[in-house]
Amino acid sequence: MSLLASLVGDRDIEELLSDDAQLKAMLRFETALAGAQAEVGFIPAEAAEAVAAAISLYRPDWDGLAAGIARDGVVVPALVGQIRAGLQPAFREALHKGATSQDVVDTALVLQLAAVLAVLEARLAAVLGRLDAIDRLHGGLSLMAHTRMQQALPFTWHEKLRSWSEPLERHLAALAEARKSGLVVQLGGPIGDRSSFAGHGDAIARALARRLGLGDAPPWHAARDRIANLGSLMSLVSGSLGKIGADVSLMAQNEIAAVRLTGGGGSSAMAHKSNPVAAEILVTLARYNAGQAGLLHQAMVHENERSGAAWTLEWMTLPAIAIATGASLRLAASLLDQLAIRTESRSGLE
């Protein structure tokens, strides 16, 4: 783990999006695909059992997989080749039958996103719980409102906290809805019309979705709106947390002193300082994700039925958004735990 990652990274999300996690999700897909195909009579049951057994015994040759993605632009051909080497010749064609690399990669991504969203939703709910606790304790305290960086009129901490929590509540609801609409199986075959499954495509997709715990959907090879929507929602979460960070940074200024931060960052030259590090990084991550969301929307532009360029851009961008969002939620929880709110007395910090 890099030094910078300890500040702006998130180990839990990184692990859920790691090469190892992706490979496990791909293997889940191939096992479930063979089982679904046997279920509808597209391949024999004994072939599906052989595929499942070979996958359970498979140990990846990571160097070979790396060489494969460098050669093919996608890891699946090398992966399928390695698994097939462990199958009896009679059953080799049953592995990955009718599917294309994109079916594997996209469904694996959705499986990984399901785990990522569970973490993000739990953290977001915890942040909302902290805000609610602060509101119960301090919501009635007076606070000076500022508009355009100037003192405006007094209001209460309840109003300030409401401006922080209401967007986050909307994002939590939107993530729950996106989980239902966006976490769907991808199965289209080479050109996305399921013609490679000899009339069984829709039935196989339904069985595959059930086995993987995902929603069923028509093929979406070149329709990336679900992925872009999930990335956009994550960026909105970090954006709203960035607003909290900006507010806290301003309120923690010595000449304002509406809040004090316990356990703030130190200075190498000025021992008296307590820098609002978590608040500042929330702003950084909000701005970073705003840029990444724009790149992710660029990845929606697939030429015809598949684009290697757009697809690869998505692989580079979406994990970065998810990791930054996870870091934002981690830092927001820490920041709220550090808040010591000034009472109505100018000098009375608690």
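So, how was this worked out
Residues numbered from 1 in each chain as written. Predicted model: local features only at pLDDT ≥ 70, side-chain atom pairs only at ≥ 80, totals over all residues. Heavy atoms only, no water. Buried < 20%, exposed > 50% of the residue type's maximum accessible area, 1.4 Å probe, protein only. Helix = DSSP H or I, 4+ residues; strand = E, 2+ residues; numbered from the N terminus. Phe/Tyr/Trp six-rings, centres within 6.5 Å; stacked < 30°, edge-to-face > 60°. Lys NZ or Arg CZ within 6 Å of the ring centre and 35° of its normal. Salt bridge = Lys/Arg side-chain N within 4 Å of Asp/Glu carboxyl O. Core = buried A, V, L, I, M, F, W, Y, C linked by side-chain atoms within 4.5 Å. Contact = heavy atoms within 4.5 Å. Expected span 1.5 Å × (residues − 1). Arc of directions from axis to C-beta. Axes fitted to C-alpha atoms, helices over the stretch in contact; angles between N-to-C directions. Parallel < 35°, antiparallel > 145°, perpendicular 65-115°, else oblique. Left-handed = near helix turned anticlockwise from the far one by under 90°. Nonpolar A, V, L, I, M, F, W, Y, C, P; charged D, E, K, R; others polar. Patch = residues over 30% accessible without salt bridge, like charges linked within 9 Å, V, L, I, M, F, W, Y side chains within 5 Å. Areas by Shrake-Rupley, 256 points an atom, 1.4 Å probe, with all protein chains shown as cover. Pairing = 2+ DSSP bridges. Polar contact = N/O pair within 3.5 Å; in protein donor to acceptor, adjacent residues only side chain to side chain.

**Student:** Just checking my understanding: could you explain unusual backbone geometry for this structure?
**Tutor:** Of note, the phi angle at Arg194 is positive, near 60°, even though the residue is not glycine. Taking the relative accessible area as the measure of exposure, Arg194 reaches 9% and is therefore buried. Of note in the backbone geometry, Asn304 takes a positive phi value of approximately 55° without being a glycine. Structurally, the position occupied by Asn304 is in the loop between α11 (277-298) and α12 (308-338).

**Student:** Got a minute to help me understand the packing of aromatic side chains in this structure?
**Tutor:** Aromatic ring pairs are described here by two measures, namely the spacing of the ring centres and the angle between the planes. Summed over the entire model, instances satisfying the criterion amount to three aromatic pairs. Taking 6.0 Å as the distance between ring centres and 65° as the angle between the ring planes, the aromatic pair formed by Phe42 and Phe197 counts as edge-to-face. Taken together, the positions of Phe42 in the loop between α3 (19-39) and α4 (45-57) and Phe197 in the loop between α8 (157-182) and α9 (201-212) put the pair 155 residues apart, joining distant regions of the chain. Each of the two residues, Phe42 as well as Phe197, counts as buried. Over the aromatic face of Phe42 sits the side chain of Lys97, whose NZ or CZ is 4.7 Å from the ring centroid.

**Student:** Teacher, can you tell me more about the pattern of salt bridges here?
**Tutor:** Where charged atoms from two side chains of opposite charge approach closely, those side chains can pair. Within this structure, the stated rule accounts for 18 salt bridges. Ionic pairing is found between Asp10 and Arg330, a salt bridge with its closest N-O pair at 3.9 Å. Here Asp10, found in the loop between α1 (5-8) and α2 (11-16), pairs with Arg330, found in helix α12; they are 320 residues apart in sequence, far enough to count as distant. Asp10 sits in the buried class, given a relative accessible area of 2%. Among the residues examined, Arg330 registers a relative accessible area of 30% and is labelled partly exposed. Where Lys243 meets Asp247, a salt bridge forms, and the shortest distance between an N and an O atom there is 2.8 Å. With Lys243 and Asp247 both in helix α10 (residues 225-251) and four residues apart, the pair spans about one turn of that helix.

**Student:** Can you help me understand the nonpolar core in this one?
**Tutor:** Within soluble globular proteins, side chains that are nonpolar tend to cluster in buried spots. Formed by 104 residues in total, the largest nonpolar core has its most connected members in Val127, Trp157, Trp164, Leu208, Leu241 and Val248. Per-element tally for this core: the top contributor is helix α7 (residues 101-138), with 16 residues. In this view, Leu208 contacts Phe29, Ala32, Leu33, Ala36, Val185 and Leu187; residues no more than four positions away in its chain are not counted.

**Student:** Any chance you could explain α4 here in plain terms?
**Tutor:** An α-helix turns once every 3.6 residues. As a result, residues three or four positions apart point the same way. Helix length check: α4 (13 residues) gives 19 Å between terminal C-alpha atoms against 18 Å at 1.5 Å per residue, within 8%. Along α4, the residues classified as buried are Ala47, Ala48, Ala50, Val51, Ala54 and Ile55. With its buried residues spanning 160° around the axis, α4 presents them on a single face. Opposite the buried face of α4, at more than 90 degrees from it, the exposed residues are Glu49, Ser56 and Leu57. On its buried side, α4 packs onto α3 and α6 (76-84).

**Student:** Looking at this model, I keep getting lost on the packing of α8 against α10. Mind explaining?
**Tutor:** A pair of packed helices is characterised by two quantities: the angle between their axes and the separation of those axes. In contact at an axis separation of 10 Å, α8 and α10 are set at 165° when each is read in the N-to-C sense. With respect to each other, α8 and α10 are oriented roughly antiparallel. Helix-helix and strand crossings are classified by hand; for α8 and α10 the assignment is left-handed.

**Student:** So what exactly am I meant to see when it comes to the packing of α11 against α12 here?
**Tutor:** Two numbers describe how α11 lies on α12: the axes approach to 9 Å, and their chain directions differ by 160°. Comparing the axis directions of α11 and α12 gives the class roughly antiparallel. Here α11 and α12 pass one another in a crossing that is left-handed. Residues that form the contact of α11 with α12 fall into these classes: 18 nonpolar, six polar and one charged.

**Student:** Explain a nonpolar patch on the surface here, please?
**Tutor:** Taken together, Leu4, Leu7 and Val277 make up a surface patch of nonpolar side chains, about 230 Å² in accessible area. Inspection of the secondary structure puts Leu7 in helix α1. Using a relative accessible area of 31% as the deciding quantity, one classes Leu7 as partly exposed.

**Student:** Hey, could you run me through the pairing of strand β1 (residues 142-147) in this one?
**Tutor:** Looking along a regular strand, one sees the side chains alternate between the two faces of the sheet. Both β1 and strand β2 (residues 150-156) contribute to a ladder of five bridges, which runs antiparallel. Across the sheet, the residue bridging to Thr147 is Gln150, located in β2.

**Student:** Help me understand the environment of Ile321 in this model?
**Tutor:** Within the fold, Ile321 resides in helix α12. Expressed as a C-alpha distance, the spacing of Ile321 and Pro44, which sit 277 residues apart in the sequence, is 42 Å. Apart from residues no more than four positions distant in its own chain, Ile321 is found in contact with Gly231, Met234, Ser235, Asn289, Gln292, Ala293 and Leu296.

**Student:** Which parts of the structure should I look at to understand the side chain of His302?
**Tutor:** Tracing the chain through its elements places His302 in the loop between α11 and α12. A polar contact of 3.2 Å, which involves the side chain of His302, links it to the backbone nitrogen of Ser307. Every residue in contact with His302, bar those within four places of it in the chain, is listed here: His221, Ala222, Arg224, Ser307, Ala310 and Trp311.

**Student:** When you look at the environment of Asp72 in this model, what are you seeing that I'm missing?
**Tutor:** Within the secondary structure, Asp72 sits in helix α5 (residues 62-72). In this structure Asp72 comes out as partly exposed when scored by relative accessible area, which is 35%. Filtering out sequence-adjacent residues up to four positions away, Asp72 remains in contact with Pro77 and Ala78.

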